[in-house]
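# A look at the structure
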Amino acid sequence: MITLKDLIFALSGYQGEIPDITLTSSTIDSREVISGSMFIALPGEHVDGHTFVSQAFQQGALISLIEKDLQADFPIIDIKSFEENESPINFPPIPFCLKVENTLFALQKIAHYWRRNLPLRVIAITGSVGKSTTKELVAEVLSQKYVTFKNPGNYNNEIGLPLTIINLSKGYQRVVLEMGFYVPGEIKFLCDIALPDVGIVTNVGTVHAERAGSQAEIAKGKAELVAVLPDAPSGIAILNYDDSLVRAMQKKTKAKVITYGLNPHADLWADHIKSHALEGIEFRFHYKGMEKKVSTPLLGKHSVMTALRAIGTGLAEGMNVDEISSGLLQANSNLRMKASRMKSGTLILDDTYNATPESTMAALDLLAELEGKKIGILGDMLELGKYELAGHQMVGKHAASILDSLISVGVRGKIISDMAIAEGLPSDQVTWVGDTQQAIAAVRPLLKRNSIILIKGSHGMRMDKIAPMLEEIG
C-alpha cells in the first residue's frame, strides 16, 4: 500500500529520511476511517472535512491531509518545509496533520504519482448509459483470471477516481474505472491521472446535455478517453458500432479498435438473443470466425450490449472463452435494477438509480417481456437540457405502447403522461402527481396479484423511496 514516504515525495519531491509508515487506506469520510488510515479533509459547500479531523484520529487515522489551520492542538507539518530541503525533517509522533495548499489538488497529485508506480492495466469506461453495469460485469469477467479491483459506487469523478487509485495496492493486476462526464476536458483530466490502457465507450445519449451542450459536444467529451489511449497493440478501444457517434471515434485513436454491437459488421456481434424474463438472457456471440453461446443473469434484451462490452474486454485482455463465460454468469446484486415482491405477490422492478430517455425505454422493454398487468411509475429525467421536451415525449410514446397504467411524477413527468394519452393510453389509466408520497397513494388502488410495477426516474427525484414503502404496504 501507499506509504508516508510516497505521499511526501509525490507532493514535494523530498527524498530525505521519512518514518516508515504504511497507510491501510485513504478516505474523505471520517466514518470510513480504520486503524492506519489517512483522512483527507476536503472543504465543501455544506460540510467541511476539517471539522472531523479529531474524530478521524480517534478512530485510528495516522495522517490527516489538511489545507486550513485547525483549532485543535494537533501536530502539523507544512508540506512547504520539504520543498528544496535536503536536511532531515523532525517528524512529530503520529498521528499528525500534513498541511498542503489545496487538499483536493494534493489528492489528485498523489494519485497521479501512485498510478505510475502500479504495475497493472487500467480499463476505463465512459458513456451516457450503462457505465456502472458495464463496470460491474467487466470486473466479474476479468476477475476469473486476474486480481481485479473496481471503483466503488459512484467514485467516478475528480474526487472518487483519484481516491480509488491511492487505495490500490501493487498486488492488483487489473483495475476497472468508471469515468463520469459533465463538462468538456473532464475525461481527459481523469485519464491523465488514471493512464487507461483499455477504453470502453457505451453510447452517446442526452444525459448531462444541460451542462455539456449538444450530443455532438457530449460525443467530443467521451472521445477524450479513446484519444489518450496508448498506441496499438497495448492500447485498446472497445466501441459501440451501433451508435454512429461512438463508431466515429475510431478515427480519434491510435489504439487497437474492437467494435461491438448487434450489426454483423461489428468485430464482435450477437444474435439468437433470448430473454428469460427475470432469469436473465442468453445469446450467441461472434468474433473473428468464432461463435459461442453464452448466458448471464442480466435483465432484458438490451443487456446484450453490456455483456458484449465485458466479452470484448476479456478477449482484449487475453482471456479464453470459458473464463469469459464463467464471468458472465457472475453478474449479481451490484447491478442497478432490483426485483422484489410485495406480500400480495406484486412484482416491483426498482430502477431508480438514475434515468435517461434511453435507459427508461430499455426498462420499459424489459417490462414488456413479462406477464402481468404493467404499471409504470415514471419520474422526471433531469439534466437533459435542450433535449428535455423531446426526451420526455419519447418516453411517453413508448410507455403508451407497453403500460396498462401510468403514474408520472414531477413537473417534467407531465410531459410523459400527456404524450402517453396522446398516443392512446386511456386517460383514466394515467395519473400525474407531484411527489413520491402521492405516487404511492395513486398506485395502491391499481395493485393486483399479477401486477408488475416499474419505478424509474432521475436520482434527484428520490424515487428510490417508493419500493421500500410499497414493500411495507405488502
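Given the structure is predicted, the values throughout are model-derived calculations rather than measurements. (Residues numbered from 1 in each chain as written. Predicted model: local features only at pLDDT ≥ 70, side-chain atom pairs only at ≥ 80, totals over all residues. Heavy atoms only, no water.)

### What to know about the layout of surface pockets
- In this model, the second largest pocket occupies a volume close to 460 Å³.
- Around the second largest pocket sit 21 residues that line it, and Ile28, Asp29, Leu42, Val47 and Gly49 are the ones nearest its centre. (1 Å grid on protein atoms, 1.4 Å probe; cavity = no way out; pocket = protein on both sides within 12 Å on 5 of 7 lines; lining within 4 Å. Points joined across faces, edges and corners; volume = space filled by probe spheres on them.)

### As for helix 4 (residues 131–142)
- A rise of 1.5 Å per residue sets the reference length of helix 4, with its twelve residues, at 16 Å; its end C-alpha atoms lie 16 Å apart and thus fit the reference within 8%.
- Those residues of helix 4 that fall on the buried side of the exposure criterion are Lys131, Ser132, Thr133, Thr134, Lys135, Glu136, Leu137, Val138, Ala139, Glu140, Val141 and Leu142. (Helix = DSSP H or I, 4+ residues; strand = E, 2+ residues; numbered from the N terminus. Expected span 1.5 Å × (residues − 1). Buried < 20%, exposed > 50% of the residue type's maximum accessible area, 1.4 Å probe, protein only.)

### With respect to the pairing of strand 9 (residues 198–201)
- Here strand 9 shows a buried face lined by Val198 and Ile200 and a second buried face lined by Gly199 and Val201.
- Of the pairings in the sheet, the one linking strand 6 (residues 121–126) to strand 9 comprises four bridges and is parallel in character. When the bridges of strand 9 are listed, Thr126 appears paired with Val201.
- One ladder, built from four bridges, connects strand 9 with strand 10 (residues 236–240); its direction is parallel. Note on strand 10: the bridge partner recorded for Val198 is Ile236. (Pairing = 2+ DSSP bridges.)

### Section: the packing of helix 4 against helix 10 (residues 304–316)
- Contact geometry for helix 4 and helix 10: axes closest at 9 Å, N-to-C directions at 40 degrees. When the axis of helix 4 is compared with that of helix 10, the two are oblique. Relative to helix 10, the crossing made by helix 4 is right-handed. In contact with Thr133, Thr134, Leu137, Val138, Val141 and Leu142 of helix 4, helix 10 contributes Thr306, Ala307, Arg309, Ala310, Thr313 and Gly314. (Axes fitted to C-alpha atoms, helices over the stretch in contact; angles between N-to-C directions. Parallel < 35°, antiparallel > 145°, perpendicular 65-115°, else oblique. Left-handed = near helix turned anticlockwise from the far one by under 90°. Contact = heavy atoms within 4.5 Å.)

### Remarks on the pattern of salt bridges
- Tallying each qualifying case throughout the model produces 17 salt bridges.
- For Asp69, the salt bridge is made with Lys99, and the minimal N-O distance between the two is 2.8 Å. Of this pair, Asp69 sits in the loop between strand 3 (63–66) and strand 4 (76–78) while Lys99 sits in strand 5 (residues 96–99); the two residues are 30 residues apart in sequence, bridging distant segments of the chain.
- For Lys99, a relative accessible area of 18% gives the class buried.
- For Glu178, the salt bridge identified is with Lys135, shortest N-O distance 3.8 Å. (Salt bridge = Lys/Arg side-chain N within 4 Å of Asp/Glu carboxyl O.)

### Let's talk about the packing of helix 1 (residues 4–12) against helix 3 (residues 103–115)
- Direction vectors running N to C along helix 1 and helix 3 enclose 105 degrees, while the axes themselves pass 9 Å from each other. Our classification of the angle between helix 1 and helix 3 gives roughly perpendicular. Seen from helix 1, the contacting residues are Asp6, Leu7, Phe9, Ala10 and Leu11; seen from helix 3, they are Ala106, Lys109, Ile110, Tyr113 and Trp114.
- Residue classes in the contact of helix 1 with helix 3 are distributed as eight nonpolar, no polar and two charged. (Nonpolar A, V, L, I, M, F, W, Y, C, P; charged D, E, K, R; others polar.)

### Topic: helix 3
- Its 13 residues give helix 3 an end-to-end C-alpha distance of 18 Å, which sits within 8% of 18 Å, the value for a rise of 1.5 Å per residue.
- Thr103, Ala106, Leu107, Gln108, Ile110, Ala111, Tyr113, Trp114 and Arg115 are the residues of helix 3 that are buried.
- Between the side-chain oxygen at the start of helix 3 and the backbone nitrogen of Leu104 there is a gap of 3.0 Å, and the oxygen is on Asn102. (Polar contact = N/O pair within 3.5 Å; in protein donor to acceptor, adjacent residues only side chain to side chain.)

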